[in-house]
Amino acid sequence: MSGTVPGHAAIAAPSPWVGRWLSLVRPGGRVLDVACGGGRHAVLAAQHGYAVLAVDRDAEALQALAGRAGGVQVLQADLEQGVWPLPPGARFDAVIVTNYLHRPLWPHLVAALGEGGVLIYETFAAGNETVGRPANPDFLLQPGELADVARAGGLRTVAYEDGFISSPKPAFVQRLCAIREGAGAVAVRYPLDAS
């Protein structure tokens with residue numbers, strides 16, 4: 001069973017949460033889109049001038065993505081059944097994860113962030129079982145869980161939400177934007193009104 005929501009590749013519009021926080025990523029930086037599905041966030045990041053590596057297990061979706069999105073490299077990998085597909089030293093200026101949860105990946109996601117790297121994460125949370133899928137608790141974040149991951153990984157949380165949304169469909173979600181600050185970072189301004 002996958003932590004990916006069936007039909008997630010069919011969601012056409014990028015998440016406003018991802019779009020909001022992309023501005024914190026170093027211009028021209030490298031972005032890793034994990035469990036990218038149809039690639040809506042990979043395309044968005046490439047349109048903003050980032051070099052993107054999109055990872056998913058769906059070869060057909062990746063082939064379609066590679067054919068339509070310049071600036072996006074694709075990598076087919078089953079993130080739940082195999083080993084982490086990137087070399088230990090691979091670092092990115094951003095890691096994006098949406099509508100996907102596989103807790104054993106968290107150390108890899110945090111380790112993939114270079115200095116100044118931004119983790120942009122949004123997925124389903126406990127309570128979602130009352131409004132639809134996913135309903136399996138293995139794929140639902142517990143209260144505060146995503147914030148705890150950032151804290152345990154030594155990341156600075158810039159924005160965090162844990163609540164209910166009504167659009168594009170009713171869902172309980174948690175959202176996080178967190179940064180791996182460099183040594184000696186003092187009074188760094190992370191604009192909360194980013195767009």
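Quick caveat, the model's predicted, so the values are computed rather than measured.

Caption draft 1: Highlighting the overall build of the protein chain. Regarding its fold elements, the protein chain presents five helices and seven strands. Going from the N terminus to the C terminus, the protein chain shows its helices and strands as α-β-α-β-α-β-β-α-β-α-β-β. Rg of the C-alpha trace for the protein chain: 16 Å, near the compact-globule value of 16 Å for 195 residues, within the 12% margin. C-alpha atoms of the protein chain, sized along the principal axes, occupy 45 × 40 × 30 Å. When burial is assessed residue by residue, the protein chain has 51% of its 195 residues classed as buried. Partitioning the intrachain contacts of the protein chain with sequence separation of at least 6 by distance along the chain shows that 58% fall at a separation of at least 24. With the model as given, the accessible surface of the protein chain reaches about 9300 Å², and the carbon-plus-sulfur share is 55%. In the protein chain, which carries 15 positive and 17 negative side-chain charges, the distance between the mean positions of the two groups comes to 5 Å.

Caption draft 2: Layout of the pairing of strand E1 (residues 30-34). The element E1 is largely enclosed, with a buried count of four among its five residues. Sheet topology places E1 next to strand E2 (residues 51-56); five bridges connect them, and they run parallel. Following the sheet pairing, valine 31 is matched in E2 by valine 52. Traced from E1 through helix H2 (residues 40-47) to E2, the parallel crossover comes out right-handed. When E1 meets strand E4 (residues 92-98), the two strands line up parallel, connected through four bridges. Bridge pairing links valine 34 to valine 97 in E4.

Caption draft 3: Representation of the side chain of threonine 123. By secondary structure assignment, the location of threonine 123 is in strand E5 (residues 113-124). Threonine 123 gets classed as buried once you look at its relative accessible area, which sits at 1%. Polar side-chain contacts of threonine 123 include one of 3.0 Å to the backbone nitrogen of tyrosine 100. Ignoring any residue separated from it by four or fewer positions in sequence, one finds threonine 123 in contact with Asn99, Tyr100, Leu101, Leu141, Phe172, Val173 and Gln174.

Caption draft 4: Representation of unusual backbone geometry. Along the chain, arginine 133 connects to proline 134 via a cis peptide bond; the corresponding omega equals 0°. On the secondary structure map, proline 134 appears in the loop between E5 and helix H5 (145-152). Geometrically, the link from serine 167 to proline 168 is a cis peptide bond, its omega value of 10° lying close to zero. Note that proline 168 resides in the loop between strand E6 (156-165) and strand E7 (171-179). At alanine 35, a position not held by glycine, the phi torsion is positive, near 55°. With respect to the element layout, alanine 35 can be found in the loop between E1 and H2.

Rules and cut-offs
Residues numbered from 1 in each chain as written. Predicted model: local features only at pLDDT ≥ 70, side-chain atom pairs only at ≥ 80, totals over all residues. Heavy atoms only, no water. Helix = DSSP H or I, 4+ residues; strand = E, 2+ residues; numbered from the N terminus. Rg over C-alpha atoms; globule rule 2.2 N^0.38 Å. Buried < 20%, exposed > 50% of the residue type's maximum accessible area, 1.4 Å probe, protein only. Contact = heavy atoms within 4.5 Å. Areas by Shrake-Rupley, 256 points an atom, 1.4 Å probe, with all protein chains shown as cover. Lys, Arg positive; Asp, Glu negative; His and termini not counted. Charge placed at Lys NZ, Arg CZ, Asp CG, Glu CD. Pairing = 2+ DSSP bridges. Right-handed = clockwise from strand over helix to strand, strands pointing away. Polar contact = N/O pair within 3.5 Å; in protein donor to acceptor, adjacent residues only side chain to side chain.

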